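This is what each chain is made of:
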Amino acid sequence: MQTKDVLPQLSRPSRYLGGELGSIHKDPQSVEVTLALAFPDVYEVGMSHLGFAILYHALNRLDWVAAERVYAPWPDMQEHLRATATPLDSLESKRPLGQFDIIGFTLQYELSYSNILGMLDLSGIPRRRDRRGEEHPLIMVGGPCAFNPEPLADFFDCAVIGDGEEAVAEVAQAVRAAKSKGESRQQLLVRLAAIEGVYVPALFAVDYQEDGRLAAIRPLQDGYRKVRRRFLADLDSAPYPTAPIIPFMNTVHDRVAVEIARGCTRGCRFCQAGYIYRPVRERSPAWIASIIEESLNNSGYEEVSLLSLSTGDFTCIEPLLKGLMERYADDKVAISFPSLRVGSLTEGLMEEIKKVRKTGFTLAPEAGTDRLRQVINKGITEEDLLATTHTAFTLGWRVIKLYFMMGLPTETDEDLEAIIELAAKVKRSGKGTEGGNDVNVSVSTFVPKAHTPFQWEAQIGIDETLRKQNLLRDGLRRKKLRLKWHEAKLSFMEGVFARGDRRLGAVLEKAVDLGCRFDGWHEHFSFENWMEAFAACGLDPAWYLRARDEQEVLPWDHIDCGIPKAFFSAERQRALTGDYTPDCRGGDCSGCGVCDFDALRMRLIDDAELPPRGPAREQFTPDNEARHKVRLRLRKEGRARMVAHLEFMTLVQRAVRRAGLPLRFSQGFHPAPRISFPDALPTGVESDAEIIDLELFRPVSAEEAVTALNRQLPEGFRVLEGAAVDWKTPAPSVSIMESVYRLQLPETPPADLANRVAAFLAAETVTTTRDKGDGRTIEVDLRPGVTALELDDAGLSMTLSKGSPTLLAGHLLGLSQNEVRQLAIRKIGVTFSAPAETA
């Protein structure tokens, strides 16, 4: 992607830089298979997805594979790519996607499907499988939505169903073998179909009845009638990334993420993940501790998140959490986990959690009545919930967040009224406690998913969704409680594609032609365009929300998740009679059929002992009064110039942490590293003089600090020099009096530029307008902040005491800010206040 000139024009240009610490760049010519892992959403969302990172590192462990990344470009970048006929490329090698052997899309959410087609379009790759030739990449998909991949079946070549760590490597091996033997694309598809867990849609045909229901799914190859999900039997045997990619920008989840377990056997009947990820497989605490230690050392992060579908159910979660918090308390590393379940929250566990975070406590009762919670097999009572919330408020939490669903099978308005009453009771449970009693309520619309007991149920439509939302909103408002809800039209579209068939491929294609993209983002979602696409294809989207007969052929019947349809049917009947199915983790086997009780079985860990930690880094303690300061001068150039100031500050803080420098911290509840930065450098401006002060609790030579930090900085950033200064020296933002910038003039500068410079220097005030970034502009006086201007044949030197060099350059050259951003501007020096010192 030729992004050098366009980057300054884009929102969040650091999305497209690549070269992050931890990223892996192999020479494509030195490997046998190249694979682009493609995330159909924006960078900061995709970078927070753990499965994507696991596959990236698992593939790059193979010396014959080069795995790279690509994310859906934001609309402003898409417009540039189309306008310049520039193909979408990868972050690592900047190679066009069309030149890869494999492109692997992750399917996390149905409303990302339009972005998949959009990314193929931007890559110059035909959307439809039957229009691609031998020269095109193999298109692979995987992830939870691959358990009903039929709406996309005309667009991909193969899907990995289930756990991907081993399967994607086997797909790469199949491509490697096919290339070496000169096999055709069709021969490769047959080779892929032999891999357990790989679905090749071209080897199945679908017949429809006159009313649109499926008549049959016909296998076209002998012995390939169903595709059984791929299982990873033992998490401890699988590779796991311990050198995470450290993004330049802040992402949705900026922390070390550790999957401590996979699978859940609670049996919530609406939850697809609870069925498609069975059985429960826990990672050993020793391995978890090793992952965390290495990841913290390699990242500089200050938080670790323990992830699973229900982290509180981890067999030895209390001793594990306590052990990890004790281990990292002096390192100022927070240990947290997002998934809290009433049934697994003991007071001891909550005591440990509160040491990390007491601002918000999230619980998901899902339904307002005990009756409906029995229907969905939630397994918690109102009494359990209120006891938990009272304990949380007593321990100091200030806000309880409650998540509910509406539109569940057998739900009545009484169940919705009960949500209102239950939320009010939760609020009352905090009365008189230490924390408070603030309650936020969120509600989403139930969307039936494939491979669940509710896969046959109807989904409520838009009008009924709005009615129920209004009922809840008005009732909660009377209780002085706030409600957040999922937009009805988005839930409608999610439901259509969640249980859709291959006919939706034409609708998807038409919608993309009409401009649909980033449908999960409210500001880009166009329901009108989608309805036009359905009309053009002669399909009624509401038909896909209907209830299904249990004898009906379902679009995903040839995908075997490991649990037979008969089990789901039996669970559905138990739901309708209000019968609870206990969690087999601690009781009798529920007979779901997923385990073979040999290689594939529940793996629970009861040994919580953590291995001894290696020598810990020297840590700052509040009673340490020693103060030392090192002043550093950094260079920021090349693609690094597009890293914004707040991103730059975070980057430096993490680099200092990785370098192990003895940094002081501020006092208080949230200690902050004592690093001082200069005023913000405009994004897009290079610099040889970014001044940073490190306040240390023991002396470190400037040379040692420079060397240690340079080992940790990504390409484009470098410490040029350092010096020890008195610890009382004012911060750079205070002590820097002037900054000198050098502007490389455009090829044809204004003929009267010298006169403009002279007139500017002679003026008392020079007024111009500045864009505030929200569509508004303000007037500013440039003149007081400019102390010198020197023009020569090569460029213009600008000395400023305050203000923006880009705004000044634009005024002198008669250019807009967008035009100025194309010019080369570099900070070349700074002048400090007395005692006089120049960098």
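The structure contained in this document is the topic of the report that follows. (Residues numbered from 1 in each chain as written. Predicted model: local features only at pLDDT ≥ 70, side-chain atom pairs only at ≥ 80, totals over all residues. Heavy atoms only, no water.)

## Examining the packing of helix α22 (residues 753-762) against helix α23 (residues 805-813)
Helix-helix packing: each pair is described by the crossing angle between the helix axes and the interaxial distance. Our working rule: Each axis is a line fitted through C-alpha atoms, and for a helix only the stretch in contact is used; angles between axes span 0 to 180 degrees, taken between their N-to-C directions. For the purposes of this entry, the term helix denotes a DSSP run of H or I that reaches at least four residues, the term strand denotes a run of E that reaches at least two, and both are numbered from the N terminus. Here the angle decides the label: under 35 degrees means roughly parallel, over 145 means roughly antiparallel, 65 to 115 means roughly perpendicular, and every other value means oblique. For this analysis, residues touch if any pair of their heavy atoms sits within 4.5 Å.
For the pair α22 and α23, interaxial distance at closest approach is 9 Å and the crossing angle is 120°. Judged on the interaxial angle alone, α23 and α22 are oblique. Only Leu808, His811, Leu812 and Leu813 of α23 make contact with α22, whose side of the interface consists of Leu753, Arg756 and Phe760.

## Some thoughts on the packing of helix α15 (residues 488-498) against helix α17 (residues 527-537)
As a reminder, the rule being used: Put simply, a crossing is left-handed when the front helix is turned counterclockwise from the back one by less than a right angle, and right-handed when it is turned clockwise. Classification used: nonpolar for Ala, Val, Leu, Ile, Met, Phe, Trp, Tyr, Cys and Pro, charged for Asp, Glu, Lys and Arg, polar for all others including Gly.
Taken N-terminus to C-terminus, the directions of α15 and α17 make an angle of 35°; their axes are 11 Å apart at the nearest point. Here α15 and α17 pass one another in a crossing that is left-handed. Judged by residue contacts, Lys489, Phe492, Met493, Val496 and Phe497 of α15 engage Phe527, Glu528, Trp530, Met531 and Phe534 from α17. Residue composition of the contact of α15 with α17, by class: 8 nonpolar, no polar and 2 charged.

## As for helix α16 (residues 504-513)
The following threshold applies: Relative accessible area decides the class of each residue, using a 1.4 Å probe on protein chains only: under 20% of the type maximum gives buried, over 50% gives exposed, and in between gives partly exposed.
Along α16, 7 of the 10 residues are buried, which leaves the element largely enclosed by surrounding structure. Taken residue by residue, α16 has Leu504, Gly505, Val507, Leu508, Glu509, Ala511 and Val512 as its buried positions. Against α4 (113-123), α15 and α17 lie the buried residues of α16. Looking one or two residues beyond α16, the residue adopting positive phi is Gly515, at roughly 110°.

## Regarding the layout of surface pockets
Basically, it comes down to this: Only protein atoms enter the calculation, which uses a 1 Å grid: trapped sets of points that fit a 1.4 Å probe without letting it out are cavities, open sets showing protein on both sides within 12 Å along at least five of seven lines are pockets, and any residue with an atom within 4 Å of a point is a lining residue. Grid points are joined across faces, edges and corners, and a volume is the space filled by probe spheres set on the points.
In this model, the second largest pocket occupies a volume close to 950 Å³. Residue lining of the second largest pocket: 37 residues in total, with Leu681, Pro682, Thr683, Ser804 and Thr806 positioned closest to the centre. When residues of the lining of the second largest pocket are traced back to their parent elements, those giving at least two are α21 (732-735), β24 (736-744), β25 (767-771), α23 and α24 (817-820). No other element matches the 5 residues that β24 contributes to the lining of the second largest pocket. Across the lining of the second largest pocket, the residue classes break down as 17 nonpolar, 12 polar and 8 charged.

## Details of the sheet that holds strand β10 (residues 256-259)
Heads up, the condition is: In this scheme, strands are said to pair when DSSP sees at least two bridges between them.
Strand order across the open sheet formed by 3 strands is β10-β13-β14, with parallel pairing between neighbours. Each edge of the sheet is formed by a strand with only one pairing partner; in this case those strands are β10 and β14 (334-336). Within this sheet the neighbouring strands show an average axis-to-axis angle of 20°, counted without direction. Two elements, β10 and strand β13 (residues 303-307), share 4 bridges in a ladder whose sense is parallel. The partner of Val258 across the bridge, within β13, is Leu306. Against the sheet, helix α8 (residues 285-299) contacts β10 and β13, and its axis sits at roughly 160° relative to β10. Strands β13 and β14 of the sheet are contacted by helix α9 (residues 317-328), whose axis makes an angle of about 165° with β14.

## Considering the sheet that holds strand β3 (residues 102-106)
Taken in spatial order, the 6 strands line up as β2-β1-β3-β4-β5-β6 in an open sheet, and their pairing is mixed. A single partner strand is all that each edge strand has here, and the edge strands are β2 (65-71) and β6 (198-199). By the bridge criterion, 3 bridges tie strand β4 (residues 138-142) to strand β5 (residues 158-160) in an arrangement that is parallel. Residue pairing in the sheet places Val141 in a bridge with Ala159 of β5. Against the sheet, α4 engages β1 (33-39), β2, β3 and β4, with an angle of about 155° to β3. The strands that helix α5 (residues 167-181) touches are β1, β2, β3, β4, β5 and β6; relative to β4, the one it contacts most, it runs at about 170°.

## Thoughts on unusual backbone geometry
Residues Arg278 and Pro279 are joined by a peptide bond in cis, for which omega reads -5°. With respect to the element layout, Pro279 can be found in the loop between α7 (273-276) and β12 (281-282). Of note, the phi angle at Lys94 is positive, near 55°, even though the residue is not glycine. Relative to the elements of secondary structure, Lys94 occurs in the loop between α3 (75-84) and β3. Even without being glycine, Glu366 reaches a positive phi, approximately 70°. Here Glu366 is to be found in strand β15 (residues 360-366).

## Section: the side chain of Glu509
The topology assignment puts Glu509 in helix α16. Those residues in contact with Glu509, other than ones at most four positions away along the chain, are Leu117, Arg127, Arg128, Arg131 and Phe155.

## Description of empty space enclosed by the protein
Inspection of every chain in the model, using the stated rule, returns 11 cavities of 30 Å³ or more. Considering only enclosed or pocket space, the second largest cavity measures out at about 80 Å³ in volume. Lining the second largest cavity, in full, are Leu21, Ile246, Pro247, Phe248, Glu647, Thr650, Leu651, Arg654, Arg658 and Pro714. By residue class, the composition of the lining of the second largest cavity is 6 nonpolar, 1 polar and 3 charged.

## A few points about the environment of Gly436
Mapped onto the fold, Gly436 is located in the loop between α13 (413-429) and β17 (438-445). Linking Gly436 and Phe393, residues 43 residues apart in sequence, is a C-alpha distance of 6.1 Å. Other than its neighbours up to four places away in sequence, Gly436 contacts Phe393, Trp397, Arg398 and Gly430.

## Examining helix α20 (residues 702-710)
Of the residues making up α20, those classed as buried are Ala702, Ala705, Val706, Ala708, Leu709 and Asn710. On its buried face, α20 is in contact with β20 (628-636), α19 (645-659) and β23 (717-725).

## Points about the environment of Glu625
Tracing the backbone shows Glu625 in the loop between α18 (565-576) and β20. A residue is classified by how much of its surface remains accessible, and Glu625, at 70% relative accessible area, is exposed.

## A few points about the pattern of salt bridges
Side chains that differ in charge, positive against negative, can pair when their charged atoms come close. Note the cut-off: Counted as salt bridges are all cases of a side-chain nitrogen of Lys or Arg within 4 Å of a carboxyl oxygen of Asp or Glu.
Following the criterion strictly, the structure yields 68 salt bridges and no others. For Asp693, the salt bridge identified is with Arg631, shortest N-O distance 2.7 Å. A residue pair is termed long-range when its members are at least 10 positions apart, and Asp693 in strand β22 (residues 686-696) and Arg631 in strand β20 qualify at 62 residues. This pair shows no difference in class: Asp693 is buried, exactly as Arg631 is. Several salt bridges converge on common partners, so that one network encompasses Asp163, Glu165, Arg229, Glu259, Arg262, Arg281 and Arg283.

## So, the packing of aromatic side chains
Going by this rule: By convention, a stacked pair of Phe, Tyr or Trp rings (six-membered ring in the case of Trp) has centres within 6.5 Å and planes under 30 degrees apart, an edge-to-face pair has planes over 60 apart, and any other such pair is tilted.
In total, this model carries 21 aromatic pairs according to the counting rule given. Seen in terms of ring centroids, Phe39 and Phe52 are 5.6 Å apart; in terms of plane orientation they differ by 85°. Their pairing is edge-to-face. Taken together, the residues Phe39 in strand β1 and Phe52 in helix α2 (residues 50-60) connect sequence positions 13 residues apart. A ring pair is formed by Phe497 and Trp530, whose centres lie 5.5 Å apart and whose planes are at 70°; its orientation type is edge-to-face. With a gap of 33 residues between them, Phe497 in helix α15 and Trp530 in helix α17 connect regions that are remote in the sequence. Of the residues examined, Phe497 reaches a relative accessible area of 2% and is grouped as buried.

Purely spatial values, then, with no claim about function.
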